[in-house]
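# Working through the structure, step by step
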Amino acid sequence: MDKTSKNKIKKEILLANPRGFCAGVERAIEIVEKSLEKYDCPVFVRHHVVHNKKVVENLESKGVTFVKEVDEIPDESIAIFSAHGVPEDVEISANSRNFKYFDATCPLVTKVHLEVKKHAKLGRDIILIGHKGHPEVVGTLGRHPKHSNTKIILVETENDVKSLNVNGEKLAFVTQTTLSVDETKEIISALKKKFPKIVGPNADDICYATQNRQDAVKQLSLESDLVIVIGSKSSSNSNRLKELAEKCGTASCLIDGYEDFNTNLLEDKKVVGITAGASAPEYIVDELIAFLSKFDFKDVRNLSKNNENVNFKLPRELQ
Ligand code: SF4
């Protein structure tokens, strides 16, 4: 071994497991792609089908048009609702139109919609834990039956729980699926303390993919000097991964792809961890690994595998 190679610091890339696409995202993208293949008419998607810039750009390049509202979709076309779910009004307005539509709402979000309806039917007021303005939250709020005598209230923080003024005798909670597991636990325990009779899911409605990626990024953060999260700024679960890495004391950044990466962050770093949000495709991880190899990060190690065997069926017409 010569003197130069002896003094060279070994640099390593660690990959979180699991990372990247979840079953709900895979299903939503497949619904769009199969619709493009099967139908001759134009395909419109209400809202970004999943919160990933590159996925959206790729579908646009194949001819998909993304719109904000159903009334922007012309008759005789194919309409698709995004994985985040939609308020009931959107479905009603689509049913009155002359186009075919597919609902790409993740079944785990639909499960929360059904919980809201069930609680309202049983006369319970509902606390929704989530982030104001996020499309999933807008969709879930919009699933509360209009003529119900009950109400649905959004709570974002433990402080919001303190100022809640509701009757705790008939009260339930549901949650957004892509929240921070730890913060949600704290909000739920504040709710249970204030309203001992509140009912809800056993733990929360946070989905398996969000939970598993957060567990994996905790492990990744313990072993890395820097955690790079691949995902878009609009992606809730990707933002939570970055926050969690930072809470674990490891520097972190959130990027759409290697082109956005600030290489100054590599200074003095020996182990760089990579993970990807539930809407980020794996090819972006591969591109980033290739890019980092130019900076001597050539050894790549996968952290222990957490196998996810979740699959969601496509709508029958697209199977
Ligand atoms: S992150 Fe969870 S809720 Fe959202 S699409 Fe994926 S599996 Fe469904």
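### Quick look at the sheet that holds strand E4 (residues 78–81)
Taken in spatial order, the four strands line up as E3-E2-E4-E5 in an open sheet, and their pairing is parallel. Edge positions in the sheet fall to strand E3 (65–67) and strand E5 (100–103), since each has one partner strand and no second. Sheet twist, expressed as the mean angle between neighbouring strand axes with direction ignored, is 25°. Two strands pair when backbone bridges link them, and E4 and E5 are joined in this way by four bridges, in the parallel orientation. Considered in E5, the bridge of Ile-78 is made with Lys-100.

### A few points about the site of the ligand
Neighbouring the ligand are Cys-22, Gly-24, Val-25, Cys-106, Leu-108, Thr-177, Thr-178, Cys-207, Tyr-208 and Ala-278. Judged by the proximity of its atoms to the pocket grid, the ligand belongs to the largest cavity. Each residue belonging to the shell around the ligand can be placed in one class, and the counts come to seven nonpolar, three polar and no charged. When residues of the shell around the ligand are assigned to domains, at least three fall in each of domain 2 (23–106) and domain 3 (108–206).

### Section: the packing of aromatic side chains
For the structure shown, the criterion picks out four aromatic pairs. Note on Tyr-258 and Phe-291: the rings are 5.3 Å apart at their centroids and 40° apart in plane angle, and the pair reads as tilted. Of this pair, Tyr-258 sits in the loop between strand E10 (251–255) and strand E11 (271–276) while Phe-291 sits in helix H11 (residues 282–293); the two residues are 33 residues apart in sequence, bridging distant segments of the chain. Relative to Phe-295, the ring of Phe-291 lies with its centre 5.4 Å away and its plane at 55°, an arrangement referred to as tilted. What makes Phe-291 buried here is its relative accessible area of 15%. Counting every residue linked through ring pairs, the aromatic cluster contains Tyr-258, Phe-291 and Phe-295.

### What to know about empty space enclosed by the protein
By rolling a water-sized probe across the atoms, one finds the places where empty space is left. On inspection of all chains with the given rule, the structure shows three cavities of 30 Å³ or more. Each pocket or cavity is described by its volume, and for the largest cavity that value is around 320 Å³. Forming the boundary of the largest cavity are 25 residues, of which Cys-22, Val-25, His-84, Thr-178 and Asn-237 lie nearest the centre. Mapped onto the lining of the largest cavity, the elements with two or more residues apiece are helix H2 (23–38), helix H5 (107–121), helix H9 (208–223) and helix H10 (236–247). Classifying every residue of the lining of the largest cavity gives 13 nonpolar, 11 polar and one charged. Considered as a void within the structure, the second largest cavity measures approximately 70 Å³ in volume. Residue lining of the second largest cavity: Ile-129, Gly-130, His-131, Glu-156, Leu-179, Ser-180, Glu-183, Thr-184, Ile-187 and Arg-240, and that is the complete set. Sorting elements by how many residues they give to the lining of the second largest cavity places helix H8 (residues 181–194) first, with three residues. Looking at the lining of the second largest cavity, its residues break down into three nonpolar, four polar and three charged.

### Remarks on H9
Here H9 contains 16 residues, and its C-alpha end-to-end distance of 23 Å stays within 8% of the 22 Å for a straight helix at 1.5 Å per residue. Taken together, the buried positions of H9 are occupied by Ala-209, Thr-210, Asn-212, Arg-213, Gln-214, Ala-216, Val-217, Leu-220 and Ser-221. Elements that come into contact with the buried residues of H9 comprise strand E1 (12–15), H8, strand E9 (226–230), H10 and E11.

### Let's talk about unusual backbone geometry
A cis amide bond links Asn-17 with the next residue in sequence, Pro-18, at an omega value of -5°. One non-glycine residue, His-47, adopts positive backbone phi at about 75°. Within the secondary structure, His-47 is located in the loop between strand E2 (43–46) and helix H3 (53–61). Classification of His-47 as partly exposed rests on a relative accessible area of 27%.

### Description of the pairing of E11
Summarising burial for E11: six of the six residues are buried, a large majority. Taking every second residue as pointing to the same face, both faces of E11 are buried, with Val-271, Gly-273 and Thr-275 on one and Val-272, Ile-274 and Ala-276 on the other. By the bridge criterion, four bridges tie E1 to E11 in an arrangement that is parallel. By the bridge assignment, Ile-13 is partnered in E11 with Val-272. Pairing of E9 with E11, which is carried by five bridges, proceeds in the parallel orientation. Counted as the bridge partner of Ile-230 is Ala-276 from E11.

Criteria and thresholds
Every chain is numbered on its own, with residues counted from 1 as its sequence reads. Only residues with pLDDT of at least 70 are given local features in this predicted model, and only at 80 or more are side-chain atom pairs given and counted; all residues enter the totals for whole chains, interfaces and linings. Derived side-chain values reflect all non-hydrogen atoms in the structure, with water molecules and hydrogen atoms excluded from consideration. DSSP bridges decide pairing: two strands pair if at least two such bridges lie between them. Segments assigned H or I by DSSP are reported as helices when at least four residues long, segments assigned E as strands when at least two residues long, and all are numbered from the N terminus. All axes are obtained by fitting lines to C-alpha atoms, using only the stretch in contact for helices, and the reported angles, taken between N-to-C directions, cover 0 to 180 degrees. Nearness here has a simple test: a residue counts as near a molecule or strand if at least one of its heavy atoms is within 4 Å of that partner. Grid spacing is 1 Å over the protein atoms alone, the probe is 1.4 Å, and a cavity is where that probe fits but cannot get out, while a pocket is an open set with protein on both sides within 12 Å along at least five of seven lines and lining residues have an atom within 4 Å of a point. To be counted as sitting in a cavity or pocket, a molecule needs more than half of its atoms within 2 Å of that site's grid points. In this classification, Asp, Glu, Lys and Arg are treated as charged, Ala, Val, Leu, Ile, Met, Phe, Trp, Tyr, Cys and Pro as nonpolar, and every other residue, Gly included, as polar. All domain edges in this entry derive from an automatic or database-based domain assignment. Only Phe, Tyr and Trp rings are paired, with Trp represented by its six-membered ring, and only when their centres lie within 6.5 Å; those with planes under 30 degrees apart are stacked, over 60 edge-to-face, the remainder tilted. Burial here depends on accessible area, computed with a 1.4 Å probe over protein chains only, as a share of the maximum for the residue type. Under 20% is buried, over 50% is exposed, and the range in between is partly exposed. Grid points are joined across faces, edges and corners, and a volume is the space filled by probe spheres set on the points. For a helix, the expected span equals 1.5 Å multiplied by the residue count minus one. Residues count as neighbours in contact if any of their non-hydrogen atoms are within 4.5 Å of one another.

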